[in-house]
Amino acid sequence: MIHGFTITPTGAAALPHAGKGALPLFRDSIEGKGEPVMSTWYPEADLVIQHPKIYTVAITCDEVKEGKTDFPIIEDGGVAAKDGKVIAVGTATDVQQFIGEHTEVIDASGKILTPGFVECHMHCKWTGEQMLNLDFNGVTSRQAILDALKEKVASTPAGEWIEGDGWNELIWEDSQEVITRRELDEVAPDNPLILLHMSAHTVAANSRALEEVGYTKDTPQPEGGEIGHYDDGELDGMLYENAALMPMFAAKPPLTEEQHLQSLELIGQRLNSFGITSAIDANLNYKQMRAYNEARKQNRLTYRANLMFYLDPQFGSFEDNLRRLEEMDCVTGFGDEMLKLNGCKVTLDGITAAFTAAMSRREYRQRPGFYGDTIYTQEEIDALVCKATELGWQFGIHTIGDASEDRALHAFQEANKIRPVKELRHYLIHYQLPYEDQWPIMKELGVGVCLQPTLVSQMGEEPLFWPEQVERFQSPGLMFSNGIIAGGSSDCPVVTPDPLLGMYYAITRVDETTGKTLSKGDESKVTPIQALIMWTKNAAFFSHDDDKMGSVEVGNFADMCLFDNDFIAGNVEDYRTTKVATTILGGEVVYER
Ligand SMILES: [Zn+2]
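Residues numbered from 1 in each chain as written. Predicted model: local features only at pLDDT ≥ 70, side-chain atom pairs only at ≥ 80, totals over all residues. Heavy atoms only, no water.

## Section: the coordination of the zinc ion
At step 1: For the zinc ion, the full set of protein donor atoms is His-121 (NE2), His-123 (NE2) and Asp-491 (OD), and the range of their distances to it is 2.1 to 2.2 Å.
At step 2: When the donor residues of the zinc ion are listed from N- to C-terminus, their spacing reads H-x1-H-x367-D. In this pair, His-123 sits in the loop between β10 (117-122) and α3 (124-130) while Asp-491 sits in the loop between β23 (486-488) and α18 (499-508), placing the two residues 368 residues apart along the sequence.
At step 3: According to the relative accessible area criterion, Asp-491 is buried, its value standing at 9%. (Donors = N, O, S within 2.8 Å, 3.2 Å for Na, K, Ca; no water. Helix = DSSP H or I, 4+ residues; strand = E, 2+ residues; numbered from the N terminus. Buried < 20%, exposed > 50% of the residue type's maximum accessible area, 1.4 Å probe, protein only.)

Okay, here's the thing in structure tokens:
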């Protein structure tokens, strides 16, 4: 038995959240004696899982901040669930009593059980929409992409849009020269064609697509973005940052309602196949939020979705965005256990590869004297965060460069004068270049960070940074040792959402593109147990759900994963090969391999 959630002989004390079924009842005689006796009554569980080794992650975020990382691990464990919640956790024998006539029993002998994984920063709806497109993620040949496009064009009626996603010239083995308009026109003369880079900050378009959006060689450069040109002044089809990208996406014919719902089903299946049962979905527009609502109503949502309301120049000026914020009458927390509003999101700078990240301590390694700039000024981001804070919104800010990080933290400090930021849990997304002088501020304000170890290890950005910057890249271990909550995430569709791969990179800090370690010392790495905490309890912090998910405890949602081998206690290379066997959401199996 494990202290803290032991099942008592009456079954009552251990079930504080289990409601009426938890009380001991009087019942009629046993063995014909004819007199009432005090007896024990156990509610009949909907689901009982027997004999797994349970990694409970029964630890609080406050304890994590204080440096604690241990929690009960139960050999030959048992979990009982009823009405979507966990009603008992203990040994296999302990949960035996909850098995009734209608209980589904899973024998998990030889398996391990973890909480369902939580993803604290990705783009679920967008990924689902991309799953309707050509997928070039991980394709290492430029020619293979051109061949796939030719094939697609041959089977697509003239005039119909063709879209591909995920290309990354840095991993092409035949040539790293990006594919620009003239080459795309040869492949697709009669279809608008757009190819989104894996960073999601760059698009390559052909002439038909450029015509549809109305871009010509004389179009003025949009503020905060860039329309690319060849040396001869003609458009090269390359578009950089949202300011240039969004008009292009807006020119596409909209998805039908059924396509919207399909996209949520597709991403749901994909997340469940990686053991993910809850995610924060960033950068949503109203249409996408409506699609979620419809999917929820039609019971087609298979993960708990936390939606971020996006405040971006694509929706108008800074003043327009401030007004949108004020006009939205619901705030963080609005919704239910399957679908609710998370925070406001602002992308404060871009990405390093496009020189759109905002640096301050050091200039760009490849552009002497150039530092980049934030998308909103200090005054603007202060005003947005303060207004959101006043209204009761949580705030998450995309920061890659250190200038951007400092500005975001300054805005949080300003907001803290209005209302304690600690309560709302404002946070930084990416936090690629952590600096020591920022940590006391973050600790004081309770500002957490959503990290993406897979992204950092697979992007191949090392040559773009100074060596001392590379050594800092998103150091999860330093967050643990400095009292800052670090949540696990992927930024999918940029990279795979697979939490086990993310854990692998957080533990090893290996740069997949160079084979080198990203850290100066071991202190920036995490232990396997800390890695598990990142994708469970810590990630749940960002949606204010750490009191009901991210651990297998009585009263929590019955969201769990089963695995055939104990990768957490095994060789670290096991993280790369282990696959989820079963994913359970609210006591129901949503994925089985
Ligand atoms: Zn993102």
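## A short note on the packing of helix α8 (residues 257-273) against helix α9 (residues 286-297)
At step 1: With their axes 9 Å apart at the nearest point, α8 and α9 run at an angle of 75° to one another. The orientation of α8 relative to α9 falls into the category roughly perpendicular. Here Glu-257, His-260, Leu-261 and Leu-264 of α8 come into contact with α9, specifically with Lys-287, Ala-291, Tyr-292, Glu-294 and Ala-295.
At step 2: A class-by-class count of the residues in the contact of α8 with α9 yields five nonpolar, one polar and three charged. (Axes fitted to C-alpha atoms, helices over the stretch in contact; angles between N-to-C directions. Parallel < 35°, antiparallel > 145°, perpendicular 65-115°, else oblique. Contact = heavy atoms within 4.5 Å. Nonpolar A, V, L, I, M, F, W, Y, C, P; charged D, E, K, R; others polar.)

## Let's talk about the sheet that holds strand β11 (residues 134-135)
At step 1: Within the open sheet, the six strands sit side by side as β11-β12-β13-β14-β16-β15. Their pairing is mixed. Pairing within the sheet leaves two strands with one partner each, and these edge strands are β11 and β15 (226-229).
At step 2: Note: strand β14 (residues 202-205) against strand β16 (residues 235-240), three bridges, orientation antiparallel. Each bridged residue has a counterpart across the sheet, and for Thr-202 the counterpart in β16 is Tyr-240.
At step 3: Sheet strands touched by helix α4 (residues 142-154): β11, β12 (162-167) and β13 (193-197). Its angle to β12, the strand with the most contacts, is close to 160°.
At step 4: Contacting β12, β13, β14, β15 and β16, helix α7 (residues 241-251) runs over the sheet at an angle of about 110° to β16. (Pairing = 2+ DSSP bridges.)

## Re helix α11 (residues 378-391)
At step 1: Look at α11: 20 Å from first C-alpha to last across 14 residues, which is about the 20 Å you get at 1.5 Å a residue.
At step 2: Tucked inside the fold, the buried residues of α11 contact α10 (318-327), β19 (339-347), β20 (394-399), α12 (402-416) and α13 (421-424).
At step 3: Two residues or fewer past α11, Gly-392 is found with a positive phi of approximately 100°. (Expected span 1.5 Å × (residues − 1).)

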